Amino acid sequence: MSLVKWLDFNVIGDQRGELISLESCKTIPFDIKRVYYLINTKMDQARGFHAHRKLRQVAVCISGSCIMTLDDGFKREEVVLNSFSKGLLIEGIIWREMYNFSRDCVLMVIASEHYDEQDYIRNYEAFLREVRK
Ligand code: T46
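Let me begin by describing the structure that accompanies this report. (Residues numbered from 1 in each chain as written. Predicted model: local features only at pLDDT ≥ 70, side-chain atom pairs only at ≥ 80, totals over all residues. Heavy atoms only, no water.)

As for the sheet that holds strand β12 (residues 120–121)
Quick note on the threshold: Each pair of strands is called paired provided DSSP finds at least two bridges between the two strands. For helices the rule is a DSSP run of H or I covering at least 4 residues; for strands it is a run of E covering at least 2, with both sets numbered from the N terminus onward.
Across the sheet, which stays open at both edges, the five strands sit in the order β8-β7-β10-β5-β12 with antiparallel pairing between neighbours. Each edge of the open sheet carries a strand with a single partner, namely β8 (76–81) and β12. Of the pairings in the sheet, the one linking strand β7 (residues 66–71) to strand β10 (residues 95–99) comprises five bridges and is antiparallel in character. Within β10, the residue paired with T69 across the bridge is E97.

Written out as structure tokens, the structure reads:
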């Protein structure tokens, strides 16, 4: 089964432009506790390199593009994020890496939990031990 799970958002458009509304436990399949966004990222600077134990997230590239690698310890998949109307659902213990950020990239992430450094696995060997045990 693919690690890539897309959520397609409804785009409400008229002559003035377009609007997308994201609602907790409706469009986003969990209770939203936090939203953060990555801005002024650099084309040659990758980010991520960690997994989460409990956190569920939806990543939406609301401007520009970037690539995300998802890894469950058994397989790796690369996905391009380049649409403001598609959210990438990341749940379970998945190692992620983000790179190739376009100059105009704004990556918004909607999270199911408050920030908690204890939820991070930042060592790849420790991640592999955890998912393969
Ligand atoms: C993820 C990917 C997609 C906070 O203080 N609060 C926060 O909510 C977050 C997300 C981070 N921070 C601090 C922790 C670090 O000192 O901001 C600093 C940069 O965080 P980090 O190096 O973890 O950033 P990324 O871009 O590597 O990863 C982030 C998220 O941390 C992570 O959950 O899935 O984006």
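That covers the picture; the talk isn't over yet.
Quick look at the site of the ligand
Condition: By convention in these notes, a residue is near a molecule or strand provided one of its non-hydrogen atoms lies within 4 Å of it. Within 3.5 Å is the distance limit for a polar contact, defined as a pair of N or O atoms, with the added protein rule that one can donate a hydrogen and the other accept it, and that residues adjacent in sequence qualify only through two side-chain atoms. When residue character is reported, Ala, Val, Leu, Ile, Met, Phe, Trp, Tyr, Cys and Pro are called nonpolar, Asp, Glu, Lys and Arg charged, and the others, Gly included, polar.
The environment of the ligand is formed by 13 residues, the closest being R34, R47, H52, Q57 and Y120. Between Q57 and the ligand, the recorded distance is 2.7 Å, taken from a side-chain N or O atom to an oxygen atom. Those elements giving two or more residues to the shell around the ligand turn out to be β4 (34–38), β5 (47–52) and β10. Counting residues per element, the shell around the ligand draws most heavily on β5, which supplies four residues. In terms of residue class, the shell around the ligand is made up of five nonpolar, four polar and four charged.

It is worth stressing that arrangement in space is one thing and function is another; only the former is reported here.
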